[in-house]
Structure formats: C-alpha cells, structure tokens
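# Architecture at a glance
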Amino acid sequence: MSITSARTWALERNDRRLVFASDPNGAMFAETGAFSVSVHRHPVWKVVLSPGGLVETRLPGKRPVTSAGVIVPPLLVHTAGASSSYTALFLDPWKLPPDVGLIHLDRATVRRLLAALDQNAEPGPDADLAAAAVELTALTGPAQPLDPRVAHAIGESTRDTPPAAIGSIAADVGLSATRLRALVRTSVGVPLVQLRTWARLRTAVAALPGTTVAAAAASAGFADQAHLARTARSLLGRTPASMGQPPTCRVP
C-alpha cells in the first residue's frame with residue numbers, strides 16, 4: 001500500500017501476546033496462541049508461519065491441508081487456522097508473481113522467513129518487513145514492475161490521508177476512470193476499489209489498541225463500526241475486536 005509511516009503495537013490479552021506492524025513493505029500480525037479464521041478472501045498475499053505448530057488451509061469443497069506455513073494468493077476463498085503461535089504477513093498483490101498460486105511451506109523455509117523478519121524469539125513489533133519481502137521474492141521469483149500509471153493510481157487511492165477521487169486520479173494519468181480501473185485490475189489482478197478498502201482496514205487495525213472499534217472505524221473512513229466489522233470478516237475472516245481490544249496495551 002502507499003502507507004508511508006510505520007505503525008506498530010504490541011499488547012497482552014490474558015494468556016497471549018498480539019503484535020501488529022506495518023510499513024510500506026507490508027503488514028504483520030502475530031499471536032502467541034492458536035487461532036482460526038472463517039471463510040474469507042483477502043485482496044493481498046498472505047503468508048502464515050507457525051514455527052512450532054501447523055497451519056491448516058481449506059479451500060471450498062476440498063480437504064484441509066496442513067503444513068508449517070503457507071502462502072495464500074490474493075482473492076483465494078479459504079479458511080485457515082494455526083495450532084499454536086503464528087505470524088501472518090500481508091504483502092500487496094504486485095509484490096509477488098501473479099502465477100505463484102497456493103504454496104505450502106516446510107519447517108526450514110518457515111524458520112528462514114521468521115529469521116528474516118527477526119521474529120524467531122517471542123513476537124515483537126520491531127519486525128523487518130523489508131527483509132521478509134526480499135526473502136519471499138527469492139522464494140517465488142521477482143514480480144514485474146508496475147506500470148507508472150497503475151503505481152500512481154494505487155498510491156493516490158490508498159494513501160494515509162483521505163484518498164483522491166478515482167476520476168481525479170484518472171485525469172492525472174490521461175485515462176478515463178473506467179479505463180484506469182481496468183488497467184489496475186489487469187496489472188495487479190485485484191480491483192482498485194478492493195485495494196482502497198484493504199488500505200482502510202489496515203489503517204483501522206493499526207488504530208485499534210487504546211481506542212474503541214467505533215473510533216478506529218471512524219478514523220479509517222468506515223461508515224460505522226458495523227461496516228468495519230463486515231469488512232474485517234470478509235477480508236480477514238475475523239472481527240476487529242478479536243485483534244486489538246485488550247484490557248491493557250502498549251503502543252511503541
């Protein structure tokens with residue numbers, strides 16, 4: 001995304017620790033305990049790593065598959081769960097080659113990715129997301145560079161401040177709004193409107209500790225708390241309250 005500032009938090013909830021980190025390279029959510037998510041479809045790459053347990057992935061109508069880790073491509077409908085502590089990475093759809101598909105990872109690869117993240121010990125907010133992106137590129141191969149018009153459209157549509165209107169962005173690059181939407185979809189495989197929604201969701205999650213879900217929703221441009229909750233369930237398979245509403249928290 002075009003989020004230009006880093007935002008991290010770590011918190012304790014009962015018997016587990018939750019960690020969130022984001023910067024222009026991607027986002028990370030880690031949890032020291034088992035968790036599963038319902039059917040969902042995210043518009044970005046998701047990489048789930050469980051150093052001491054197993055990650056179970058199930059596609060509709062298919063048997064579940066377990067492995068030490070998994071790379072899930074954008075827009076794939078699935079459920080997932082980890083049997084113990086896990087780290088989930090989220091990378092923009094243009095960061096990896098579009099033909100990679102679903103990849104199950106062995107234990108050695110999971111350890112290598114966690115080492116790149118600097119997350120081999122207890123999960124913490126000082127994650128090296130740039131190094132993890134480099135390691136994933138070495139694993140999957142490099143992606144094609146973005147068309148400058150697409151890069152501009154995504155940057156303007158997903159920035160921290162209120163995004164520009166699509167018509168205005170299209171005019172900036174000499175295209176109609178319809179043509180710009182089609183170009184983005186063809187280039188990155190995900191509709192521009194979904195990238196905008198994902199950027200708002202990421203902003204809301206970053207704001208969750210220390211505030212209410214309603215306030216986080218408002219700060220990210222959602223209509224209300226219910227709108228944020230529906231979006232989180234659709235794109236993440238879990239509610240915002242399950243991610244960042246602890247009795248105590250620390251925001252570095």
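Thresholds, definitions, all that
- Residues numbered from 1 in each chain as written.
- Predicted model: local features only at pLDDT ≥ 70, side-chain atom pairs only at ≥ 80, totals over all residues.
- Heavy atoms only, no water.
- Helix = DSSP H or I, 4+ residues; strand = E, 2+ residues; numbered from the N terminus.
- Rg over C-alpha atoms; globule rule 2.2 N^0.38 Å.
- Buried < 20%, exposed > 50% of the residue type's maximum accessible area, 1.4 Å probe, protein only.
- Contact = heavy atoms within 4.5 Å.
- Areas by Shrake-Rupley, 256 points an atom, 1.4 Å probe, with all protein chains shown as cover.
- Lys, Arg positive; Asp, Glu negative; His and termini not counted.
- Charge placed at Lys NZ, Arg CZ, Asp CG, Glu CD.
- 1 Å grid on protein atoms, 1.4 Å probe; cavity = no way out; pocket = protein on both sides within 12 Å on 5 of 7 lines; lining within 4 Å.
- Points joined across faces, edges and corners; volume = space filled by probe spheres on them.
- Nonpolar A, V, L, I, M, F, W, Y, C, P; charged D, E, K, R; others polar.
- Phe/Tyr/Trp six-rings, centres within 6.5 Å; stacked < 30°, edge-to-face > 60°.
- Lys NZ or Arg CZ within 6 Å of the ring centre and 35° of its normal.
- Pairing = 2+ DSSP bridges.
- Axes fitted to C-alpha atoms, helices over the stretch in contact; angles between N-to-C directions.
- Salt bridge = Lys/Arg side-chain N within 4 Å of Asp/Glu carboxyl O.
- Polar contact = N/O pair within 3.5 Å; in protein donor to acceptor, adjacent residues only side chain to side chain.

Here we come to the overall build of the chain. Regarding its fold elements, the chain presents nine helices and 12 strands. What you see for the chain is a C-alpha radius of gyration of 18 Å, in line with the 18 Å of a compact globule of 252 residues. Reported as C-alpha extents along the three principal axes, the dimensions of the chain are approximately 50 × 40 × 35 Å. Here the chain, with 252 residues, has 50% of them falling under the buried criterion. Sequence separation of 24 or more characterises 70% of the internal contacts of the chain that already satisfy a separation of 6 or more. Accessible area of the chain: about 10900 Å², with a carbon and sulfur share of 54%. Positive and negative side-chain charges of the chain, numbering 25 and 18 respectively, have mean locations separated by a distance of 8 Å.

Before going further, it helps to spend a moment on empty space enclosed by the protein. The final tally for this structure, using the stated rule, is three cavities of 30 Å³ or more. Estimates place the volume of the largest cavity at around 210 Å³. Along its surface, the largest cavity is lined by 16 residues, and Val 37, Lys 46, Tyr 86, Ala 88 and Arg 238 are the ones closest to its centre. Elements with a minimum of two residues in the lining of the largest cavity: strand E4 (35-40), strand E5 (45-49), strand E9 (78-82) and strand E10 (86-91). Sorting elements by how many residues they give to the lining of the largest cavity places E4 first, with four residues. When its residues are assigned to classes, the lining of the largest cavity shows 11 nonpolar, three polar and two charged. The space that makes up the second largest cavity amounts to roughly 100 Å³. What lines the second largest cavity is Phe 20, Ala 27, Phe 29, Phe 90, Trp 198, Leu 201, Arg 202, Val 205, Leu 236 and Met 243. When residues of the lining of the second largest cavity are traced back to their parent elements, those giving at least two are strand E3 (26-31) and helix H6 (192-207). Ranked by residues supplied to the lining of the second largest cavity, first place goes to H6 with four residues. Here the lining of the second largest cavity is composed, by residue class, of nine nonpolar, no polar and one charged.

This part is about the packing of aromatic side chains. Overall, the coordinates contain three aromatic pairs when judged by the stated rule. Centre to centre, the rings of Trp 9 and Phe 29 are 6.3 Å apart; their planes meet at 75°, and the pair counts as edge-to-face. Here Trp 9, found in strand E1 (residues 7-13), pairs with Phe 29, found in strand E3; they are 20 residues apart in sequence, far enough to count as distant. In this pair, the class of Trp 9 matches that of Phe 29, namely buried. Ring geometry for Phe 90 against Trp 198: centres 5.6 Å apart, planes inclined by 50°, an arrangement best described as tilted. Highlighted residues: Phe 90 in strand E10 and Trp 198 in helix H6, separated in sequence by 108 residues. There is no split in this pair, since Phe 90 and Trp 198 are both buried. Here a set of aromatic residues connected by ring pairs shows up, and it is made of Trp 9, Phe 20 and Phe 29. When the ring centre of Phe 222 is taken as origin, the NZ or CZ atom of Arg 200, which lies over that ring, is 5.3 Å away.

In this section: the sheet that holds E4. An order of E4-E9-E6-E7 is seen for the four strands of this open sheet, with the pairing classed as antiparallel. The sheet is open, and its two edges are formed by E4 and strand E7 (65-67), each paired on a single side. Adjacent strand axes in the sheet meet at a mean angle of 15°, parallel and antiparallel pairs treated alike.

Counted under the stated rule, the structure contains seven salt bridges. Between Asp 92 and Lys 95 there is a salt bridge, with its nearest N and O atoms 3.8 Å apart. Judged by its relative accessible area of 2%, Asp 92 falls in the buried class. By sharing partners, the salt bridges in this structure join Arg 16, Glu 31 and Arg 238 into a single network.

Relative to the elements of secondary structure, Arg 16 occurs in strand E2 (residues 16-23). A polar contact of 2.7 Å, which involves the side chain of Arg 16, links it to the side chain of Glu 31. Separated by 3.1 Å, the side chain of Arg 16 and the backbone oxygen of Ala 34 make a polar contact. Dropping the residues within four chain positions of it, Arg 16 is found in contact with Leu 11, Glu 31, Thr 32, Gly 33, Ala 34 and Phe 35.

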